[in-house]
Amino acid sequence: MREIAILGATGSIGTQALDVIARHSGDFRVSALTAHSNANELFAYVRRFRPRFAGLVREAPIPEDLRFCEWFFGEDANERVLRAAKSHDALCAVVGIAGLPAVMAALEVCGRVLLANKEALVTGGALVMEEAARRGVPILPVDSEHSAIFQCLQGGQEPERLILTASGGALRTWSREAIQRATVRDVLKHPTWRMGGKITVDCATMMNKGLEVIEAHYLFGMPEAAISVLVHPQSVVHSLVEFADGSLLAQMGVADMRVPISYALGYPQRIESGAARLDLLSCGPLTFEAPDEARFPCLRLAREALRAGPYAMIALNGANEAAVAAFLENRIPFGAIANIVEQILASTLPERISCVEDVYRMDKGARLSANVEIGRME
Ligand code: NAD
Ligand code: MG
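Residues numbered from 1 in each chain as written. Chains lettered and ligands numbered in written order. Predicted model: local features only at pLDDT ≥ 70, side-chain atom pairs only at ≥ 80, totals over all residues. Heavy atoms only, no water.

**Q** Can you break down helix H12 (residues 298-308) residue by residue, with the values?
**A** Those residues of H12 not exposed but buried are Cys298, Leu299, Leu301, Ala302, Arg303, Ala305 and Leu306. Contact partners of the buried residues in H12: helix H9 (197-205), helix H10 (207-220), strand E9 (227-231), helix H13 (310-328) and helix H14 (335-347). Phi turns positive one or two residues past the end of H12, at Gly309, with a value near 125 degrees. (Buried < 20%, exposed > 50% of the residue type's maximum accessible area, 1.4 Å probe, protein only. Helix = DSSP H or I, 4+ residues; strand = E, 2+ residues; numbered from the N terminus. Contact = heavy atoms within 4.5 Å.)

**Q** Tell me what's going on with a nonpolar patch on the surface, and back it up with residues and numbers.
**A** Judged by side-chain polarity, Met252, Leu280, Leu286 and Phe288 come together as a nonpolar surface patch covering roughly 350 Å² of accessible area. Looking at Leu286, the relative accessible area reads 30%, which means it is partly exposed. (Patch = residues over 30% accessible without salt bridge, like charges linked within 9 Å, V, L, I, M, F, W, Y side chains within 5 Å. Areas by Shrake-Rupley, 256 points an atom, 1.4 Å probe, with all protein chains shown as cover. Salt bridge = Lys/Arg side-chain N within 4 Å of Asp/Glu carboxyl O.)

**Q** Outline the site of ligand 1, supporting the account with residue identities and numerical values.
**A** Taken together, 24 residues lie around ligand 1, and Thr10, His36, Asn78, Glu119 and Gly196 are the ones closest in. Separating an oxygen atom of ligand 1 from a backbone N or O atom of Gly11 is a distance of 2.9 Å. Here a nitrogen atom of ligand 1 and a side-chain polar atom of Asn78 are 2.9 Å apart. Protein coverage of the free-state accessible area of ligand 1, which is 830 Å², stands at 90%. Among the secondary structure elements, those contributing two or more residues to the shell around ligand 1 are helix H1 (12-22) and helix H5 (118-135). A breakdown of the residues in the shell around ligand 1 according to their chemical character gives 12 nonpolar, 9 polar and 3 charged. (Near = heavy atom within 4 Å. Polar contact = N/O pair within 3.5 Å; in protein donor to acceptor, adjacent residues only side chain to side chain. Nonpolar A, V, L, I, M, F, W, Y, C, P; charged D, E, K, R; others polar.)

**Q** If you had to explain the nonpolar core to someone new, which residues and values would you point to?
**A** One finds Trp71, Leu316 and Phe334 to be the most contacted residues of the largest nonpolar core, which totals 133 residues. In terms of residue count, the dominant contributor to this core is H13 (12 residues). When residues no more than four places from it in sequence are discounted, the contact partners of Leu316 are Met207, Leu211, Ile214, Leu301, Ala302, Ala305, Val341 and Leu345. (Core = buried A, V, L, I, M, F, W, Y, C linked by side-chain atoms within 4.5 Å.)

**Q** Hey, could you go over the sheet that holds strand E8 (residues 161-166) for me, with residue numbers and the actual values?
**A** Spatial ordering of the open sheet is given by E9-E8-E10-E11, a layout of 4 strands whose pairing is mixed. Whereas interior strands pair on both sides, the edge strands pair on one side only; in this sheet they are E9 and strand E11 (248-252). Each neighbouring strand pair of the sheet contributes to a mean axis angle of 20 degrees, computed without reference to strand direction. In terms of strand pairing, E8 meets E9 through 5 bridges, oriented parallel. Note that in E9 the partner of Leu162 across the bridge is Ile227. Relative to E8, H10 is tilted by about 150 degrees, and along the sheet it contacts E8 and E9. (Pairing = 2+ DSSP bridges. Axes fitted to C-alpha atoms, helices over the stretch in contact; angles between N-to-C directions.)

**Q** Run through the sheet that holds strand E6 (residues 112-115), naming residues and quoting values.
**A** Read across the open sheet, the 7 strands follow the order E4-E3-E2-E1-E5-E6-E7; overall the sheet is parallel. Either end of the sheet is taken by a strand with one partner, and the two such strands are strand E4 (70-73) and strand E7 (139-141). Sheet twist, expressed as the mean angle between neighbouring strand axes with direction ignored, is 20 degrees. Both strand E2 (residues 28-35) and strand E3 (residues 53-56) contribute to a ladder of 4 bridges, which runs parallel. When the bridges of E3 are listed, Thr34 appears paired with Gly55. Along the sheet face, helix H11 (residues 258-266) touches strand E1 (2-7), E2, E6 and E7 and points at about 175 degrees away from the line of E6.

Bear in mind that shape data such as this cannot, by itself, settle questions of function.
Take a look at the structure:
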């Protein structure tokens, strides 16, 4: 029986992880659940999975029947829950840089970290990977592309190149002019995946793929130049690895996050995920195209930030989180997201990042500058 803490339990990844865990109730026990503010939803999961610990960033009155569990509230609820539960596994499925302190705490007290929260690696990649190596704690990727690469690398051979596939997002076929004016509704209609709002917007700008290039750099220790991106609208090939002999290994399957989630949960075993089987006869032709950095400049910006160093990746992420939130609140047009990120990136001065406090300070500065820009546009 393996105990697992799920941070961000009410989100797209959190709920799908609970779905997989419910299929293996004899093998996993949920020791802790957290969420930001959707208290009623969290209460329903606490009632069903009966963890010993639970946390909410925004405090709410706890129903009488849920007092069996110890509750933590506030910005540091994730970390406090993790330290109390000391579970073997932690699934970090919080969205945004808010997940970084939780990942650091999980590395301190848990035996394995199942990582969905890519922003933790984008903002604190070197610190996270150093801490994981120092403590000997494996980080198992949950992001589908990184899970695909991780699966392809099980043979133990060194790869020459990683190829991340991208669906292309909701605006893949749109003209440059139309993209500028895309509405929240247009953008939230993702063609192949059902996900949280922030990542769905990131898919439409292709910032998501940029963040994933950075994520792959840290997880697999590959230089930026050895990580390619291919647009693959069917989302059947989840990513590929190229080896010295010219062989490409790919991982394929239906677009269902329960597959990478169950791979991380069961690793090194494979366990039932609940996902449908891929029927190659009916999934239609598989196509691949080069990403268009003129229409989707965020991919280029993320690569530039990775080459520039940690300070630039923190600025990129902070500006993007602020801009995406403003777009989702209808405060800025879609096209402004890339402009704001580009502007903040260009105006941020290099700084040495040697601890997580440096990360938060840098992030705060980037958000502040981005919000000034956003204010000017309103
Ligand atoms: P989501 O918005 O659906 O859910 C986010 C969850 O985190 C919610 O439960 C929310 O209450 C919680 N949360 C937010 N801030 C928090 C905080 N400070 N403390 C505790 N909980 C907090 O997001 P999602 O789509 O599930 O994505 C989660 C992470 O996984 C993101 O980093 C995303 O990039 C990554 N990811 C998601 C998918 C997907 O299919 N959804 C795929 C790959 C990677
Ligand atoms: Mg992904």
